[in-house]
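This is what each chain is made of:
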Amino acid sequence: MAAQKKLFSSSNIITAILVIFTVAMLIFPNFKALVIQGLMKVGLFQPGVTAVKQINSNPNTQRTSVIFAGADGNQIDTKNMDGKVVFINFWATWCPPCIAEMPSVDELYSKYKNNSDIVFILADADANFAKSTAFMKQRSFDLPVFAYQSNPPSEWFEGSLPTTVVLDKKGNIAYKHAGAANYSSDKFIGFIEDLLKQ
């Protein structure tokens, strides 16, 4: 009886729960995504925006050209986006932080999808349209899926997933973040609104 009490002590139970939680975080990407989403809801993983600022603002440089091919066959060349804010999210279906932030990206897209002054590009890093469109459909997201046809500059994407870049109407980087973030927050929406007013 004493051995059984030691086996079911509170410290052993807590240790077992923490081990199960850690293993689940490592093995099940959807579980990890769910945990990250929960942390977003309590205020963590907020995009670090304070005011509209330009990371690269040399007026003598040409707009960077990166070609994205859409799952629907359409192509977008970023050099042709003068006068438009461009939201680019590099992601993958197997990436837990990407999965975690996708509901907030979808909410942001839903708010602005009819605004012709902003373009959304969700660049599937694996360029697997069958998998990425199935992912969007399964989760009832209405997001436009693309793959990059030319390499994005390292100022935009260094390989970390997810990475989000927002270009202002002149093609300057106004925002860049590697890692999950809540893009439907009031603070980020205000940031987008400021960019649209420029």
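Before reading on, note that the structure itself is shown above.
Residues numbered from 1 in each chain as written. Predicted model: local features only at pLDDT ≥ 70, side-chain atom pairs only at ≥ 80, totals over all residues. Heavy atoms only, no water.

Chemist: Could you clarify how one ought to interpret a nonpolar patch on the surface in this entry?
Modeler: Nonpolar side chains collect at one region of the surface, where Val19, Val23, Leu26, Ile27 and Phe28 lie side by side and expose about 510 Å² of accessible area between them. Mapped onto the elements, valine 23 comes out in helix H2 (residues 10-27). A residue is classified by how much of its surface remains accessible, and valine 23, at 38% relative accessible area, is partly exposed. (Patch = residues over 30% accessible without salt bridge, like charges linked within 9 Å, V, L, I, M, F, W, Y side chains within 5 Å. Areas by Shrake-Rupley, 256 points an atom, 1.4 Å probe, with all protein chains shown as cover. Salt bridge = Lys/Arg side-chain N within 4 Å of Asp/Glu carboxyl O. Helix = DSSP H or I, 4+ residues; strand = E, 2+ residues; numbered from the N terminus. Buried < 20%, exposed > 50% of the residue type's maximum accessible area, 1.4 Å probe, protein only.)

Chemist: Just to check I follow, could you spell out the environment of proline 96 for this structure?
Modeler: Following the sequence through the fold, proline 96 ends up in helix H4 (residues 96-112). Here the alpha-carbon distance between proline 96 and proline 162, two residues 66 residues apart in the chain, equals 9.2 Å.

Chemist: How should the state of the cysteines be read in this particular structure?
Modeler: Two cysteines joined by a covalent bond between their sulfur atoms form a disulfide. For the coordinates displayed, the defined rule picks out 1 disulfide. Paired by a disulfide, cysteine 95 and cysteine 98 hold their sulfur atoms 2.5 Å apart. When the S-S torsion is 75 degrees, as for the bridge of cysteine 95 with cysteine 98, the disulfide is right-handed. Since its relative accessible area comes to 3%, cysteine 95 is described here as buried. (Disulfide = S-S within 2.5 Å.)

Chemist: What is the right way to read the pattern of salt bridges from this model?
Modeler: Oppositely charged side chains are able to pair whenever their charged atoms sit close together. Within this structure, the stated rule accounts for 3 salt bridges. One salt bridge connects lysine 113 with aspartate 142, and the closest N-O pair in it is separated by 3.0 Å. On the criterion of sequence distance, the pair formed by lysine 113 in the loop between H4 and strand E4 (118-124) and aspartate 142 in the loop between helix H5 (129-138) and strand E5 (145-148) is long-range, its members being 29 residues apart. Lysine 176 is paired through a salt bridge with glutamate 158; the nearest N and O atoms lie 2.9 Å apart. Within this pair, whereas lysine 176 is found in strand E7 (residues 173-178), its partner glutamate 158 is found in the loop between E5 and strand E6 (163-167), the two being separated by 18 residues in sequence.

Chemist: Mind showing me how you'd approach the pairing of E7 here?
Modeler: Note on strand geometry: in a regular strand, side chains alternate between the two faces of the sheet. Here E6 pairs with E7 via 5 bridges, running antiparallel. Considered in E7, the bridge of valine 165 is made with lysine 176. Remark: 5 residues form the turn of the hairpin made by E6 and E7, two consecutive strands paired antiparallel; glycine 171 in that turn has positive phi of roughly 90 degrees. (Pairing = 2+ DSSP bridges.)

Chemist: Where do I start with the nonpolar core in this structure?
Modeler: Soluble globular proteins tend to pack their nonpolar side chains together in the buried interior. Of all hydrophobic cores here, the largest spans 31 residues; its most connected members are Met102, Met136, Val166, Phe188 and Ile192. For this core, the secondary structure elements donating two or more residues are strand E3 (85-91), H4, E4, H5, E7 and helix H6 (186-197). Of the residues forming this core, the biggest block, 7 residues, is contributed by H4. Residues Val66, Phe90, Val119 and Phe146 belong to the second largest nonpolar core, which totals 16 residues. (Core = buried A, V, L, I, M, F, W, Y, C linked by side-chain atoms within 4.5 Å.)

Chemist: What is the right way to look at unusual backbone geometry in this model?
Modeler: Keep in mind that most residues, glycine aside, have a negative phi and that most peptide bonds are trans. Cis rather than trans, the peptide bond between leucine 161 and proline 162 has omega equal to -10 degrees. Within the fold, proline 162 resides in the loop between E5 and E6. Of note in this structure, alanine 127 is not a glycine but carries a positive phi near 55 degrees. Mapped onto the elements, alanine 127 comes out in the loop between E4 and H5. On the accessibility criterion, alanine 127 (46% relative accessible area) is partly exposed.

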